[in-house]
Amino acid sequence: MSQKGIHHITVLGGDGQRTTDFYVHTLGLRLIMKTVNQDDPYTYHLFFVNGTQQLGSSLTFFPWPMAGQGKPAIGEATTVSFAVPSDSMEYWAEHFGENGVDFTGPFERFGKQVIGFRDPDRLHLELVFDDAVKEVPAWSQSTVPVEHGIRGFWGTIMELTETEADAELLKEVFGFRQEQVDQNHIHLVGDAPVGNSVILKKTESLRGATGRG
């Protein structure tokens, strides 16, 4: 419990079955629990994790089938980045091609190769290729071979009009440390094996909308 990192990330989704098919069958994550939203018991709450249900791997969804398309904006975590071993890029490029998943990249960010893609509700996702996660267990019963499987979160990107105060909050209260600065990005890290990175991206003010993705 002393390790510093992201515990989980929760998303507003669309159709629950479509979400499950994508995250289990396409990305190879494990659906560990289906419960209900404690604030809205008429809405499901779906939990997707890595092979050992590790803290820093839990991506959860409130599926709202009738919701309109959301539009990310300032003050939100707009990108979910998953960590995979560095030598699995060729596999994922072929796997996405076989499953009709469009992706961008690879491109380099803070010394790591990254590819970007979106889920069925247009949530912005990434795979970050990082040797540091190679020893973290992937799910042995996944649709993705264990050696290439998602290990958990690499981190997330938060878009803000001002980043300095948030960086101080993450350092002073949550125990992160500032690792790198690149133009309008600040990279902060904790010591957890997965889910240990937060990137603060300075962005001009954008008007958003609550909804799927």
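Residues numbered from 1 in each chain as written. Predicted model: local features only at pLDDT ≥ 70, side-chain atom pairs only at ≥ 80, totals over all residues. Heavy atoms only, no water.

Participant: Please clarify how the overall build of the chain should be interpreted in this entry.
Facilitator: Scanning the chain from N- to C-terminus turns up three helices and 12 strands. A compact globule built from 213 residues would reach a C-alpha radius of gyration of about 17 Å, and the chain, at 17 Å, matches this within 12%. Taken over the C-alpha atoms alone, the chain extends approximately 40 × 40 × 35 Å along its principal axes. Residues classed as buried in the chain amount to 48% of the 213 residues present. Taking the intrachain contacts of the chain between residues at least 6 apart in sequence as the baseline, contacts between residues at least 24 apart amount to 64%. Put simply, the chain shows about 10900 Å² of open surface, and 50% of that area lies on carbon and sulfur atoms. Averaging the coordinates of the 17 positive side-chain charges in the chain and doing the same for the 28 negative ones gives two points 3 Å apart. (Helix = DSSP H or I, 4+ residues; strand = E, 2+ residues; numbered from the N terminus. Rg over C-alpha atoms; globule rule 2.2 N^0.38 Å. Buried < 20%, exposed > 50% of the residue type's maximum accessible area, 1.4 Å probe, protein only. Contact = heavy atoms within 4.5 Å. Areas by Shrake-Rupley, 256 points an atom, 1.4 Å probe, with all protein chains shown as cover. Lys, Arg positive; Asp, Glu negative; His and termini not counted. Charge placed at Lys NZ, Arg CZ, Asp CG, Glu CD.)

Participant: Just to check I follow, could you spell out the packing of aromatic side chains for this structure?
Facilitator: Aromatic ring pairs are described here by two measures, namely the spacing of the ring centres and the angle between the planes. Going through the model one piece at a time under the given rule, you end up with nine aromatic pairs. An angle of 80° between the planes, with centres 5.1 Å apart, marks the rings of F22 and Y23 as edge-to-face. The pair F22 / Y23 is uniform in exposure class, with both members buried. The rings of Y91, W92, F96, F103 and F117 are connected pair by pair, giving a single aromatic cluster. (Phe/Tyr/Trp six-rings, centres within 6.5 Å; stacked < 30°, edge-to-face > 60°.)

Participant: Help me understand the sheet that holds strand β2 (residues 30-37) in this model?
Facilitator: Consider a sheet: its strands pair through backbone hydrogen bonds, and that pairing is either parallel or antiparallel. Read across the sheet, four strands follow the order β1-β4-β3-β2 without closing on themselves; strand pairing throughout is mixed. This sheet does not close on itself; its edge strands, each paired only once, are β1 (8-13) and β2. Each strand axis lies, on average, 25° off the axis of its neighbour in the sheet, ignoring direction. Sheet analysis places strand β3 (residues 40-49) next to strand β4 (residues 58-63), joined by three bridges and oriented antiparallel. Residue pairing for β4: F47 is matched across the bridge by T60. (Pairing = 2+ DSSP bridges. Axes fitted to C-alpha atoms, helices over the stretch in contact; angles between N-to-C directions.)

Participant: Can you walk me through the pairing of strand β12 (residues 197-202) in this structure?
Facilitator: Successive residues of a regular strand alternate their side chains across the two faces of the sheet. In this sheet, β12 lies alongside strand β9 (residues 152-160) in parallel orientation, the contact comprising six bridges. Note that in β12 the partner of L160 across the bridge is K202. Bridging between strand β11 (residues 185-189) and β12 involves five bridges; their strand directions are antiparallel. Bridging across to β12, H185 finds its partner in K201.

Participant: Could you clarify how one ought to interpret the layout of surface pockets in this entry?
Facilitator: Taking a probe equal in size to a water molecule and rolling it over the atoms shows the remaining empty space. Its boundaries defined by the atoms lining it, the largest pocket holds a volume of some 660 Å³. As for the largest pocket, its lining consists of 29 residues, of which I9, T10, E76, A77 and T78 are closest to the centre. Elements with a contribution of two residues or more to the lining of the largest pocket: β1, β5 (76-84), β9 and α3 (164-172). By residue number, the principal contributor to the lining of the largest pocket is β1, which donates five residues. Each residue belonging to the lining of the largest pocket can be placed in one class, and the counts come to 15 nonpolar, 10 polar and four charged. (1 Å grid on protein atoms, 1.4 Å probe; cavity = no way out; pocket = protein on both sides within 12 Å on 5 of 7 lines; lining within 4 Å. Points joined across faces, edges and corners; volume = space filled by probe spheres on them. Nonpolar A, V, L, I, M, F, W, Y, C, P; charged D, E, K, R; others polar.)

Participant: When you look at the side chain of E126 in this model, what are you seeing that I'm missing?
Facilitator: Note on placement: E126 falls in strand β8 (residues 124-129). A polar contact of 2.7 Å, which involves the side chain of E126, links it to the side chain of R109. E126 has contacts with T79, V80, S81, F82, F107, R109, V114, I115, G116, F117 and I157, leaving out every residue within four places of it along the chain. (Polar contact = N/O pair within 3.5 Å; in protein donor to acceptor, adjacent residues only side chain to side chain.)

Participant: Before we go on, may I ask you to explain the nonpolar core in this structure?
Facilitator: Most often, soluble globular proteins have nonpolar side chains that are buried together. Y23, L27, L59, F82, W92, L125 and L127 are the most contacted members of the largest nonpolar core, which totals 36 residues. Apart from residues no more than four positions distant in its own chain, L127 is found in contact with F82, V84, W92, F96, Q113, V114, I115, F117 and I150. Counting 10 residues, the second-largest nonpolar core is a separate cluster that includes A83, V128, V133 and V136. (Core = buried A, V, L, I, M, F, W, Y, C linked by side-chain atoms within 4.5 Å.)

Participant: I would appreciate a short explanation of unusual backbone geometry in the present structure.
Facilitator: For residues that are not glycine, phi is negative in most cases, and the peptide bond is trans in most cases. Here the residue pair G105 and P106 is connected by a cis peptide bond, since its omega of 10° sits within 30 degrees of zero. Tracing the sequence through the fold places P106 in strand β6 (residues 103-109). The backbone phi angle of F110 is positive, close to 50°, even though this residue is not glycine. Following the sequence through the fold, F110 ends up in the loop between β6 and β7 (112-118).

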